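This is what each chain is made of:
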Amino acid sequence: MARAADTKPNELSVKLYRKSGEVKRAILHYRKDGPYIKMDNRDEIQESEYMAFSFSESSQLDFYDCMDSKQLFVVTPEVSVVLNYDPDESSSFEMYPPSTGGWLPHVVESGYESVFTIQNLIDKDRKLLSIANTISNELYFLGIVQSYESAILLMNRDLTVLENILYSDSIEEPVFDLLKEKSPSWSTLSKLLTGVTVPNLVIGETMGDTLDQLVPRSFSPDIRKQVLAFLAWLESAKIPDEDPIDFAKKYRSVGVFQQLARRHLQCLLDDIEPPKYVRVMHLADKGQLELAKRPQSEVVESDPWSLVEFKLAEMFPDWTYRVVKYAMDLQANGEISTKLPISKEDAKKSRIAWSDRFALVNHGLFMRGHVHKTVLGLIPVVYIGAAHRWPHKHLEWSARLGYAMEKPYYIQVLVMPPSAYEQTCRVIPNFHKVDWEFSTLNANLFNIEKRRWRLNTALLANSVHGRKSLKQLENEFHCSKKEHYYHLSTQQARVLDLISWGMYLSNLESNLYANYYDIDNSIIKQELETMAANGVFSLQYFLIMANLRSLCLMVDGPPQNVYSISRAFLKHAPSTQVRITNAGHSSVIVSRIPDDDFFSFASTITEAADETDISLRAFQISAYAGYRNNLYSRLLMNDGSWDDDVSGLLSQVRLPPKSEL
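Here is a short report on the structure shown in this document. (Residues numbered from 1 in each chain as written. Predicted model: local features only at pLDDT ≥ 70, side-chain atom pairs only at ≥ 80, totals over all residues. Heavy atoms only, no water.)

With that settled, consider the packing of helix α16 (residues 490–501) against helix α19 (residues 521–533). Running from amino to carboxyl end, α16 crosses α19 at an angle of 90°, the nearest separation of the two axes being 10 Å. In terms of their interaxial angle, α16 and α19 are classed as roughly perpendicular. Residues Q491, Q492, V495, L496, L498 and I499 of α16 lie in contact with α19, whose contacting residues are I523, I524, E527, L528, T530 and M531. Residues that form the contact of α16 with α19 fall into these classes: 8 nonpolar, 3 polar and 1 charged. (Axes fitted to C-alpha atoms, helices over the stretch in contact; angles between N-to-C directions. Helix = DSSP H or I, 4+ residues; strand = E, 2+ residues; numbered from the N terminus. Parallel < 35°, antiparallel > 145°, perpendicular 65-115°, else oblique. Contact = heavy atoms within 4.5 Å. Nonpolar A, V, L, I, M, F, W, Y, C, P; charged D, E, K, R; others polar.)

Following the criterion strictly, the structure yields 3 cavities of 30 Å³ or more and no others. Taken as a whole, the largest cavity spans an internal volume of roughly 130 Å³. As for the largest cavity, its lining consists of 14 residues, and the residues nearest its centre are H370, K373, E396, S439 and R628. Per element, the largest residue contribution to the lining of the largest cavity is 4 residues, and it comes from strand β11 (residues 366–371). Looking at side-chain class alone, the lining of the largest cavity contains 3 nonpolar, 5 polar and 6 charged residues. Estimated volume of the second largest cavity: approximately 60 Å³. Around the second largest cavity, the lining residues are M95, Y96, R389, W390, P391, L395, S398, A399, Y410, I411 and Q412. Sorting the residues of the lining of the second largest cavity by element identifies β13 (395–401) and β14 (409–416) as the ones contributing at least two each. Class assignment for the residues of the lining of the second largest cavity results in 8 nonpolar, 2 polar and 1 charged. (1 Å grid on protein atoms, 1.4 Å probe; cavity = no way out; pocket = protein on both sides within 12 Å on 5 of 7 lines; lining within 4 Å. Points joined across faces, edges and corners; volume = space filled by probe spheres on them.)

What follows concerns the environment of S419. Examined against the element boundaries, S419 turns out to sit in helix α13 (residues 418–427). The exposure class of S419 is partly exposed, given its relative accessible area of 32%. As a C-alpha pair, S419 and V324 span 95 residues in sequence and 42 Å in three-dimensional space. (Buried < 20%, exposed > 50% of the residue type's maximum accessible area, 1.4 Å probe, protein only.)

Attention shifts here to the pattern of salt bridges. Enumeration according to the criterion identifies 25 salt bridges in this entry. The partner of D243 in a salt bridge is R357, with the nearest N and O atoms 2.8 Å apart. With D243 in the loop between α4 (221–233) and α5 (244–249) and R357 in helix α12 (residues 351–362), the pair connects residues that are 114 residues apart, well separated along the chain. Assigned by exposure class, D243 and R357 land together as buried. The closest approach of N and O atoms between D597 and R452, which form a salt bridge, is 3.7 Å. With a gap of 145 residues between them, D597 in the loop between β23 (586–594) and α21 (598–610) and R452 in strand β18 (residues 452–453) connect regions that are remote in the sequence. Overlapping salt bridges bring together R18, E22 and K24 as one network. (Salt bridge = Lys/Arg side-chain N within 4 Å of Asp/Glu carboxyl O.)

This next bit is on the nonpolar core. Ranked by internal contacts, the top residues of the largest apolar core, which has 112 residues, are L231, M367, L376, L496, L528, F537 and Y632. Ranked by the residues each element gives to this core, the list is headed by α4, at 8 residues. Other than its neighbours up to four places away in sequence, Y632 contacts V371, K373, L376, L378, V415, A493, L496, D497, S500 and W642. (Core = buried A, V, L, I, M, F, W, Y, C linked by side-chain atoms within 4.5 Å.)

Strand order in the open sheet formed by 3 strands is β19-β11-β20, with antiparallel pairing between adjacent strands. Strand pairing shows two members of the sheet lacking a second neighbour, β19 (503–504) and β20 (537–542), which therefore form its edges. Sheet analysis places β11 next to β20, joined by 6 bridges and oriented antiparallel. Residue pairing across strands places G369 opposite L539, the latter belonging to β20. (Pairing = 2+ DSSP bridges.)

Strand order in this open sheet of 9 strands is β15-β12-β14-β13-β24-β21-β23-β22-β16, and the pairing throughout is antiparallel. The outermost strands of the open sheet, each flanked by one partner alone, are β15 (431–433) and β16 (436–441). In this sheet, adjacent strand axes meet at a mean angle of 25° when their direction is disregarded. In this structure, β13 lies alongside β14, joined through 6 bridges in antiparallel fashion. Directly across from W397, in β14, lies its bridge partner V413.

Have a look at this one:
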């Protein structure tokens, strides 16, 4: 199988087979809505008339590896989706193993809009994948793929779905029109140029002509254009008259401009001097900018704009403390809210209230539910290894631990009914049932005076010597002990997807979830209250966690020590997920640690464990993909049972040759 080059044909001769056995010659063609077949007389066929097709020997099959005229394919596509694809560029996101033809790395945001179509190969557990440009109809790829490769086309990542939701009501602002306006005066320019000298600066005919001399050309063209627009916007920048949620809808298509404008607005609201933007940019361009305190990778340190972005983040006001107080109040009240705690009406009455509401939007105040899966008759499962990494329907999320050059581990967290788990563990023994799990969001660990997250390294390190029991964990974290399963309705499954994924209150208030999922906020709230009362989930409030980094710990040892370490992280880290397996002898802990403490903390906790009988390994999470947005909806069958088809997972297993069996 090989990727099609520009010279490869996108019209192929095929043979059509009717159920009666009649065979007709036709042409397989590609267009915006996928492949279609037309007869030699140019009439398009009705798919229902024909059940299969094969490629004719005259189809120039030498252009395509692993294809021959004996293979029969189902006419009606199983899957047809539109994604971005670039035959010449590939992603560095190495979460998944290489496919048989390496098509997946070319699915990139910067690619060309293309239609991906899957058609089944008759009598074979493989499929025909075609990828064609939706505008030119150019065929980028045609070949046979394993059946498990196609699942990723139907499983939308959480980040992709969230972007679709956010952009569903975005307002396009003509920010670049600012560059066509009259040039700024010398007095305006002098404010921008405080602390920096631009040789041979002249006033141009337009704002863009003049400001173009101020922004380094080492920035990428797209970023540079947005920065120019931001500098032009500064001349008229003021506190908006509109509601913060309405203001947030603007500029979503120009992310750099949006972030700069929002953070500059914080300076205006706090009556403080904003950063000297042009000076910071020029220092970065010359390699003279003092690095931000936040640890940075070599890639960041070699990119001037990334250096600017990190440095400015330190110079803008930090409003995390505003949002933390509201999150803690909501958590204490235990109320399910579908709107921000500061109303639109209150924001109109006070600048402080407007600022608080603006902070709640910017920092993403959200509510999330820790789902008690056993109440639903489901089993949480965890797998750590390098194989079986293609996404499948029971996958909740997966991550890469460490980096590619280190031969990294990969972790998968799954949710499945008992029958599916039994099938899986018979074939793949290192898929482990989770005996106990819980997750916490601890907004109280933010130090409001110092405006940073607290981490008691000594307390967490000493937990390796502690002794706790499973019963103590269950009592302390109020885990549900329902004796009877709770059966979800289809609507409740959709709402449970939302709360397990996490819902931003500003998006709830502006009806983004309601409109996207076609379900009213009143229904969302009602179903959440019903499920919470029945022990389906535990409610938690939090905010977007800036300046925190993900750490994964693998702990093995005596149960009382494993329980002690797990409890300590649940109580004393800003955000933690714990999954205990192997009858308490093992735990996988995923926690968010302050950037400043990350590496020293990982070293300290590892050294503390080395002094005991505990095995503790610490890994940075370097890549992540979540599939929570429709997890319960995709597993709930029409009859109310849970889908136990794990063929997409088990088909990835490579059995040894018969001679070795």
